[in-house]
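# Residue-level structural notes
Chain by chain, the residues run as shown.
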Amino acid sequence: MVKTGLSKSRILSGLQCQKRLYLETYSKELADESGSEYAFAVGNQIGEIARTLHPGGKLIEHDNALGLALEETQVLLSDSDDVTIFEATIQHEGVLIRADILIKTNESVEFIEVKAATSVKPQYLPDCAVQAWVLAQAGYPCNTIKLAHVDNTFVYKGDGDYRGLLNYVDVTEKANPLLQQIPQWVAQMRELLAGEEPDIEMGAQCTTPYQCPFVNYCQPPQPDFPVTLLPHGSKVATELKAEGYEDLCNVPEGRLNNANHERVRRITVSGKPELLPGTAEILKALPYPRYYLDFETVAFAVPVWTGTRPYEALPFQWSCHIEHADGSLEHEEFLDTSGVAPMRALAEKMITTLGEEGIVFMYSSFERRIIRELAARFPDLSAELESIVDRLFDLLPLVRKHYYHPDMKGSWSIKAVLPTVAPDLNYEELDKIHDGMAASSAFMEIVSGNMSVEDKARTTQSLLEYCKLDTLAMVRLVEFLQK
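The structure contained in this document is the topic of the report that follows. (Residues numbered from 1 in each chain as written. Predicted model: local features only at pLDDT ≥ 70, side-chain atom pairs only at ≥ 80, totals over all residues. Heavy atoms only, no water.)

## Concerning the pattern of salt bridges
Overall, the coordinates contain 26 salt bridges when judged by the stated rule. Notably, a salt bridge pairs Asp161 with Arg163, separated by 2.9 Å at the nearest N-O pair. For Asp161, a relative accessible area of 24% translates into the label partly exposed. When the shortest N-O distance is used, the salt bridge between Arg476 and Asp424 registers 2.9 Å. Taken as a pair, Arg476 in helix 18 (residues 453-482) and Asp424 in the loop between helix 16 (414-421) and helix 17 (436-447) lie far apart in primary sequence, 52 residues in all. One network of salt bridges, with partners in common, ties together Lys8, Glu113, Lys115 and Asp127. (Salt bridge = Lys/Arg side-chain N within 4 Å of Asp/Glu carboxyl O. Buried < 20%, exposed > 50% of the residue type's maximum accessible area, 1.4 Å probe, protein only. Helix = DSSP H or I, 4+ residues; strand = E, 2+ residues; numbered from the N terminus.)

## With respect to the pairing of strand 10 (residues 314-323)
Regular strands place their side chains on alternate faces of the sheet. Within strand 10, 10 of the 10 residues are buried, which leaves the element mostly enclosed by the surrounding structure. As paired elements, strand 9 (residues 290-298) and strand 10 share nine bridges and run antiparallel to each other. Bridging from a neighbouring strand, Tyr292 pairs with His321 of strand 10. Relative to strand 11 (residues 329-335), strand 10 runs antiparallel, the two sharing seven bridges. Following the sheet pairing, Ile322 is matched in strand 11 by Glu330. A loop of five residues connects strand 10 with strand 11, the two strands running antiparallel in sequence, and Gly327 in this loop sits at a positive phi of about 90°. (Pairing = 2+ DSSP bridges.)

## Describing the sheet that holds strand 9
The mixed open sheet is built from five strands, whose spatial order is 11-10-9-12-13. For this open sheet the edge positions go to strand 11 and strand 13 (392-394), each flanked by a neighbour on one side alone. Put simply, the sheet's adjacent strands are angled 25° from each other on average, direction ignored. (Axes fitted to C-alpha atoms, helices over the stretch in contact; angles between N-to-C directions.)

## A short note on the packing of helix 12 (residues 343-354) against helix 14 (residues 382-389)
It is the contact of helix 12 with helix 14, at a shortest axis distance of 10 Å, that shows an interaxial angle of 55°. Classified by the angle their axes make, helix 12 and helix 14 are oblique. Crossing of helix 12 over helix 14 shows left-handed handedness. Contact residues: Ala347, Met350, Ile351 and Leu354 in helix 12; Glu384, Leu385 and Ile388 in helix 14. A breakdown of the residues in the contact of helix 12 with helix 14 according to their chemical character gives six nonpolar, no polar and one charged. (Parallel < 35°, antiparallel > 145°, perpendicular 65-115°, else oblique. Left-handed = near helix turned anticlockwise from the far one by under 90°. Contact = heavy atoms within 4.5 Å. Nonpolar A, V, L, I, M, F, W, Y, C, P; charged D, E, K, R; others polar.)

## Here we look at the nonpolar core
Met350, Tyr363 and Leu385 are the most contacted members of the largest nonpolar core, which totals 84 residues. Non-local contacts of Tyr363, meaning those with residues more than four positions away in its chain, are made with Asp394, Leu395, Leu396, Val399, Trp412, Ser413, Ile414, Val417, Met474 and Leu477. Core analysis: the second largest hydrophobic core is formed by 42 residues, Val109, Ala129, Met189 and Leu192 among them. (Core = buried A, V, L, I, M, F, W, Y, C linked by side-chain atoms within 4.5 Å.)

## So, the packing of helix 12 against helix 13 (residues 366-377)
Packed helices, taken two at a time, are described by the angle their axes make and the gap between the axes. Between helix 12 and helix 13, whose axes approach to 11 Å, the crossing angle comes to 115°. On the basis of their axis angle, the class for helix 12 and helix 13 is roughly perpendicular. Handedness of the helix 12/helix 13 crossing: left-handed. Residues Met343, Leu346, Ala347 and Met350 of helix 12 lie in contact with helix 13, whose contacting residues are Ile371, Leu374 and Arg377.

## A short note on the state of the cysteines
By definition, a disulfide links the sulfur atoms of two cysteines through a covalent bond. The full count for this structure, using the stated rule, is zero disulfides. The thiol sulfur of Cys17 is not disulfide-bonded, and the nearest other cysteine sulfur, from Cys212, lies at 6.3 Å. Taking the relative accessible area as the measure of exposure, Cys212 reaches 10% and is therefore buried. (Disulfide = S-S within 2.5 Å.)

## A few points about the environment of Asn426
Residue position: Asn426 is located in the loop between helix 16 and helix 17. On the accessibility criterion, Asn426 (33% relative accessible area) is partly exposed. Note: C-alpha distance between Asn426 and Lys415 (11 residues apart in sequence) is 8.7 Å. A polar contact is formed between the side chain of Asn426 and the backbone nitrogen of Glu428, at a distance of 2.8 Å. (Polar contact = N/O pair within 3.5 Å; in protein donor to acceptor, adjacent residues only side chain to side chain.)

## A look at helix 12
For helix 12, built from 12 residues, the straight-helix expectation of 16 Å at 1.5 Å per residue is met to within 8% by its first-to-last C-alpha distance of 16 Å. Looking at helix 12, one finds that the buried residues are Met343, Leu346, Ala347, Met350, Ile351, Thr353 and Leu354. Along the axis of helix 12, the buried positions cluster into a sector of 165°, meaning they face one direction only. Buried residues along helix 12 sit in contact with strand 9, strand 10, strand 11, strand 12 (359-362), helix 13 and helix 14. Phi for Gly355, located one or two positions after helix 12, is positive at around 60°. (Expected span 1.5 Å × (residues − 1). Arc of directions from axis to C-beta.)

Right, here's the structure in full:
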């Protein structure tokens, strides 16, 4: 049997799904890599910080020259009793690893796997075990296997001091028992790769423990209204599929026990939207001026602003449409792309813009949470911010209770609702940014300083247009509901 090259990542893919391993090896072009670029960038960022916490280490580069990376690693391991190596590149019988941190002394070998997550997850143990196995087979058995993950209670003090950002957890006892299984894994995967593409039905392995990039390839043709659109209904959808129902329109009346699921089914089958009475009366009773508020936030894995934590949702932008009793509409906005922490200036301008009277519309409880966190961060502004919280009106529960359109396909997100009430407004027609994740990533790229002046200007304008559409969408939604 030909010894097909296997990397650690491919072995982990094979443990998740044999078909994923096969496709990654022979049909990589079929993968949907959207979103992976961000995760890859975050992982690199955490890895770079981890290296600074182990001064004196030697980095093995040569990302595109495997032979040089293997050779340089071997030289370092052979020539020195005490050495710390980053991205140590080692291969045993075609199984390749690049160990994040390898610490070799005259007495011991310690291996540290670095993760951007905030806890030790079960899927990390095979990850560590594969690397420890290759190290052992290459003559460097590990005395200690550690996993370093982000401590989300860490508060950045500034000046590039990231001591304490990572928690180091000894997983030696949990990972070692897996080492004896790895030769069997390798043999099975090589046998698999020597054959034809396996025929495996879609299931939990498509999303657990990771989202598979080949879902679109494996997904059979779907009806316009698959049973999977039922909100919070993955278990029910699985049962319905087992009973032979793929199309929600074919599910008989009385089959669904959940009232909201039955409502979605009924309206989908009828093809007619439903707006229950009561929304107009509720909304018309609310005072003017009316403010429509939406935030955009960023969550840095590695904090860049003093006093902030890893993955903390920090507001950097807001949009606000202001509707007066005579029907006139104004727009205010805030966006700071200077790279300086924007939270205080954002809060101060918001307080000025929203004044002391009128209702403040939002869509979901997110804005309430962000404003309260701003109040905790800036105690001298807390009274004004808490008074804004008292004026908030969440449109989402009202819409969820009173309105549904078949085209929403089980979702009450503003992006699902908007085309059914204001089809002339379209997120897809925006220049560059179409969702909150893209907005956050764009802001990170701007403040990184790696953008040209022209790209920064264009991206800044895209951020403004995206956030403005979010609040205009609420204006149009209230207009629709009041009619």
